[in-house]
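Structural overview for review
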Number of protein chains: 2
Amino acid sequence: VHVHELPTPALVIDADALDRNLAAMSSRLPAARLRPHVKAHKCTALAAAQQAAGHDTFTCATPREVIGLAAAGVGTDLLLANETVDRDRLRAMADCDAPVTIAIDSDDTLRAAIDAGIRSCLIDVNVGLPRCGVEPDRAGGLADRARSAGLDVRGVMGYEGHLMMVADRTERAAAVEASMAKLRAAHADVGGDIVSAGGTGTFDLHASTGVTEVQAGSYALMDTHYGSLGLPFEQALFVIGTVISVAADWAVADVGLKSLGMDHGDPSVLDGAVWFCSDEHVTFAPDRPGVRVGDRVTVVPAHVDPTMAMHEVVWLMRDGELIDRWPIDLRHW
Amino acid sequence: VHVHELPTPALVIDADALDRNLAAMSSRLPAARLRPHVKAHKCTALAAAQQAAGHDTFTCATPREVIGLAAAGVGTDLLLANETVDRDRLRAMADCDAPVTIAIDSDDTLRAAIDAGIRSCLIDVNVGLPRCGVEPDRAGGLADRARSAGLDVRGVMGYEGHLMMVADRTERAAAVEASMAKLRAAHADVGGDIVSAGGTGTFDLHASTGVTEVQAGSYALMDTHYGSLGLPFEQALFVIGTVISVAADWAVADVGLKSLGMDHGDPSVLDGAVWFCSDEHVTFAPDRPGVRVGDRVTVVPAHVDPTMAMHEVVWLMRDGELIDRWPIDLRHW
C-alpha cells in the first residue's frame, strides 16, 4: 500500500530516517549510556526498535508507559522518571515482571513507594528547572531515609529541561556543566551507580559532567523545535494530510490541531507556509500554484511527544510504501 | 465514589453546570435553532444530553463523529460541516441510517459526494475566515451543478470563526452582520431552507442575520478562552490533578500538556498561578501556603475541543460524587 492511499490525517514514520537516528544515537551513546525516553513516542514497537539498537534500559514519564513496556517484555530496567503517589499504579509497577525504579523527591513520595512495595528508586534532584526534584543539599538526607526504609537507592537523576533549547552550543554546554555540578554534589551525598540526566538537546554535552546515562527520547523522530538546534538527527515523523479546499491565496488540508501537539506553536508544511490551524484544518499558502483538492501535503509537527499522544497508530513507510503499522499503545495514564 | 478518589489526570464535568448551560442555550435557541457542534466534545452521551434538551440536529467536523452519532441513534439530521474527498468515509456516511448532509465548496468535493452516494449537501460559503468555503458569488453556480448532479441542496453554511473572539459585543455584532450579508447573498442564489452559521461566541447575534440555525458547541462545557467573553454559560469542564512535588515557591501537579489542548495557551489552576506545562506536569505558584503532596488541584482548560480529544473518558460529577462515566467515543477520524 502506498502512503498516499492512507486515510488522513495519517501519522507516518520515515523508517530509513528512524533507522539513521537510532544508529546515530547508539554510536554516540551505546547501550546503557542511553536510557531512551518512552514519553516521546508512547509506542512499544518503537521501544523494541531502540532495544534492537542496543538499549535495554528505558525512561518513562507515566506508570502506563512502565507497565506497558513490562507487559510487552521490552526493557530489562525501567525507570519512572517522575513522581507519583497513586497507590494502585505504584502497586501495579511493583508487580511488573521487569525491574522498576521510580524517582522520589520527598518523604511523601518515598512513603508512597514503600507502602506499595516498590524496591528501587533514584533521588530526583532539582538542577534548575522549576519542576520536580529535591534541592541538592537535601538529597543525601532523603537517600538515607529511603535506605532506612528498605529501598535500594540506585543513584540520582536531574533533568536540565530548561537548557534543551539554549541555541548556542557553547553557552548550552556551559549551562549544562553548571547544572550538573548540582547533580554531582547531590550524588556525592546520595551514592549509587546511576547519575541520570539529559535529553535530546543536551545528549552530547555529558561526556565530562559525571552523568552515567542520558534520558533522550525526541532524537528518534524529531520535530521542528529540536530541528532548529543542528543536532545529528533528522525529521522522521510526519502527518500526511489531504487538501480539501483551495482558494485564491491559500489552501486547506485536513491536518488540524487535534492531530498535532500545539504547545510549541504551529507545525510546518512542506512546500507551503502555515497560516493557522483549526481543530481539523491547517490553512497554508502553497509555495507554488497548481495545488488541487485531493493533493497530499506533508506536515511536520512542532513537538513530537504530544503529537504521538494524539494518534492511535503510526505507519512505517519506506520509499513511499507502508511496511508496518505500530499501535501507539502507551497513551493515557 | 468521590471525585478525589479518581486516578489523575482526570477529566471531569460538573453535571449541574452542564445542565445549566444546556438549559441556557435551549431557552435562547430551542430545538433546530441550534445545531449543536459535536466537535467540541466528541462524546455520544453528551450529544444525547443535548438531544434531551430539545436538539435533534447535529453538526460534525469529522466523518467519525457523523458515523458514531448515527450508529448510536442520536440525532435525526446530521451535518458534516466540513469538506472531504475520502471515498470510503463518504460511502460510510451515505450508508448511515440517519440522514446525512455534507458541506461542499468545490466541484471536486461535489463529485466525491456524488460518487459516494451522498444525497444532501449545503454549499459552504467563505464569509471571511480564510479556510474552506466557496466565494459568495460562486455559490449559486455550484448549487446549480450540485442539483443537476442529483444532490438535494438544502441551503448554505458559513462559519464566521474569525469573529468569535472580538471582545467588544457591539463590534462583534456589527462584524457578524457584515459577514452574514455575504452568506445571505449566497443564499439568495443557492436557495434551500437552511442558513447555518455561528458558534458559541456569536450564538446570540443571529436574530436578524437571516441565519436559521447556529452551530455552537463549546457552550456546553466552556473553557477559559470563551469564558473571557461574558457569555451566559459557565465553566463545566475541569481536569483534576494531584500535587506530586512541592518546592519553596511552586508546586507541581500531574496535569500536563498531554491532557490539555494547548493551542490557546496555558490552562488555569484554581487557587494558583500557572507557570508552565510540561508533557506530564503543570508547575504553578499556589495562592496560599500549605499545599502538600497528594492534594488535589483543579485545572481549567484554555480550549475545550482538543482537551476532550485527548482523553478516553470524562466523569460526571455532582456535589463531588461521581454519577456517570462517559466514553469520549468520537475521537480520531
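Everything below is about the structure shown above.
Below: a short report on this structure. (Residues numbered from 1 in each chain as written. Chains lettered and ligands numbered in written order. Predicted model: local features only at pLDDT ≥ 70, side-chain atom pairs only at ≥ 80, totals over all residues. Heavy atoms only, no water.)

1. Things to note about the overall build of chain A
Scanning chain A from N- to C-terminus turns up 9 helices and 16 strands. Here chain A has a C-alpha radius of gyration of 21 Å; the compact-globule value for 333 residues is 20 Å, and the two agree. Considering only C-alpha atoms, chain A reaches an extent of 70 × 40 × 35 Å along its principal axes. Here chain A holds 333 residues, and 61% of them are scored as buried. By sequence separation, contacts in chain A at least 24 residues apart represent 64% of the contacts at least 6 residues apart. When the accessible surface of chain A is totalled, it reaches about 11,500 Å², and 48% of it is carbon and sulfur. Each charge sign in chain A was given a centre, from 28 positive and 46 negative side chains, and these centres are 3 Å apart. (Helix = DSSP H or I, 4+ residues; strand = E, 2+ residues; numbered from the N terminus. Rg over C-alpha atoms; globule rule 2.2 N^0.38 Å. Buried < 20%, exposed > 50% of the residue type's maximum accessible area, 1.4 Å probe, protein only. Contact = heavy atoms within 4.5 Å. Areas by Shrake-Rupley, 256 points an atom, 1.4 Å probe, with all protein chains shown as cover. Lys, Arg positive; Asp, Glu negative; His and termini not counted. Charge placed at Lys NZ, Arg CZ, Asp CG, Glu CD.)

2. Thoughts on the environment of A:Cys96
All names here are of chain A. Its location among the elements puts Cys96 in the loop between helix H4 (87-94) and strand E4 (100-104). For the pair Cys96 and Ala71, spaced 25 residues apart in the sequence, the C-alpha separation amounts to 7.4 Å. With near-sequence residues (within four places) excluded, Cys96 lies in contact with Ile67 and Ala70.

3. Comments concerning the pairing of strand E16 (residues 321-327) of chain B
Residues and elements named next belong to chain B. One ladder, built from 6 bridges, connects strand E15 (residues 313-318) with E16; its direction is antiparallel. Looking at the pairing, Val314 lines up with Trp326 of E16. Taking the residues between adjacent antiparallel strands as the criterion, E15 and E16 are bridged by 2 residues, where Asp319 takes a positive phi near 50 degrees. (Pairing = 2+ DSSP bridges.)

4. Thoughts on the packing of aromatic side chains
All names here are of chain B. The final tally for this structure, using the stated rule, is 6 aromatic pairs over all chains. Seen from their ring centres, Trp250 and Trp275 are 5.8 Å apart, and the 45 degrees between their planes marks the pair as tilted. Taken together, the positions of Trp250 in the loop between strand E9 (237-246) and strand E10 (251-253) and Trp275 in strand E12 (residues 272-277) put the pair 25 residues apart, joining distant regions of the chain. (Phe/Tyr/Trp six-rings, centres within 6.5 Å; stacked < 30°, edge-to-face > 60°.)

5. Focus on the interface of chain B and chain A
Contacts between chain B and chain A engage 54 residues on the former and 54 residues on the latter. Roughly 4,100 Å² is buried in total at the junction of chain B and chain A, and carbon and sulfur atoms are behind 60% of that figure. If you sort the residues of chain B by the area they bury against chain A, B:Arg131, B:Lys258 and B:Trp333 come out on top, with a joint share of 17%. Where chain B packs against chain A, one counts 6 salt bridges. The residue A:Asp279 makes a salt bridge to B:Lys39 at a minimum N-O spacing of 3.1 Å. Taken together, the connections running from chain B to chain A amount to 22 residue pairs in polar contact (both at pLDDT 80 or more). Where the side of chain B that touches chain A is concerned, the elements lending two or more residues are helix H5 (107-116), E9, E12 and helix H9 (304-309) of chain B. The dominant element in the side of chain B that touches chain A, judged by the number of residues it contributes, is E9(B), at 4 residues. Taken together, the residues that form the side of chain B that touches chain A break down as 20 nonpolar, 18 polar and 16 charged. (Buried area = accessible area lost by both parts, 1.4 Å probe. Salt bridge = Lys/Arg side-chain N within 4 Å of Asp/Glu carboxyl O. Polar contact = N/O pair within 3.5 Å; in protein donor to acceptor, adjacent residues only side chain to side chain. Nonpolar A, V, L, I, M, F, W, Y, C, P; charged D, E, K, R; others polar.)

6. Description of the pattern of salt bridges
In this structure the tally under the stated criterion is 40 salt bridges over all chains. Salt bridges sharing partners connect three or more residues here, namely A:Arg35, A:Asp77, A:Arg154 and A:Glu213.

7. Quick word on the state of the cysteines
This model, assessed by the stated rule, comprises 0 disulfides over all chains. Cysteine A:Cys60 remains unbridged, with the sulfur of A:Cys96 as its closest cysteine sulfur at 9.4 Å. Free of any disulfide, A:Cys277 has its nearest neighbouring cysteine sulfur in B:Cys132, separated by 13 Å. Taking relative accessible area as the criterion, A:Cys277 reaches 14% and is therefore assigned buried. (Disulfide = S-S within 2.5 Å.)

8. A word on the sheet that holds E4(A)
Where strands meet in a sheet, backbone hydrogen bonds hold them as pairs that are either parallel or antiparallel. All names here are of chain A. Spatially, 7 strands are ordered E2-E3-E4-E5-E6-E7-E8 in an open sheet, and the strand pairing comes out parallel. One side of each edge strand has no neighbouring strand; the edge strands of this open sheet are strand E2 (57-60) and strand E8 (213-214). This element, helix H7 (residues 169-190), spans strand E5 (120-124), strand E6 (152-158) and strand E7 (194-197) of the sheet and lies at about 170 degrees to E6. (Axes fitted to C-alpha atoms, helices over the stretch in contact; angles between N-to-C directions.)

9. Considerations on H4(A)
All names here are of chain A. Arg89, Leu90, Met93 and Ala94 are the residues of H4 that are buried. Taken down its axis, H4 places every buried residue within 140 degrees of arc, on the same side. Buried residues belonging to H4 abut helix H3 (63-72), strand E3 (77-80), E4 and helix H5 (107-116). For H4, the capping residue at the N-terminal end is Asp86, with a side-chain oxygen 3.1 Å from the backbone nitrogen of Asp88. (Arc of directions from axis to C-beta.)

10. Looking at the sheet that holds strand E8 (residues 213-214) of chain B
Residues and elements named next belong to chain B. Overall, parallel pairing links the 7 strands, which are arranged E2-E3-E4-E5-E6-E7-E8 in an open sheet. Because the sheet does not close on itself, it has two edges, and the strands there are strand E2 (57-60) and E8. Here strand E7 (residues 194-197) runs beside E8; their pairing, made up of 2 bridges, is parallel. When the bridges of E8 are listed, Ala197 appears paired with Val214. Helix H7 (residues 169-190) rests against strand E5 (120-124), strand E6 (152-158) and E7 of the sheet, and its axis sits at about 170 degrees to E6.

11. Remarks on the side chain of A:Ser196
Residues and elements named next belong to chain A. Position of Ser196 relative to the elements: it lies in strand E7. Overall, the relative accessible area of 0% leaves Ser196 in the buried class. A polar contact of 2.8 Å, which involves the side chain of Ser196, links it to the side chain of Gln215. Apart from residues lying up to four places away in sequence, Ser196 is in contact with Leu79, Leu122, Val156, Met157, Gly158, Leu183, Glu213 and Gln215.

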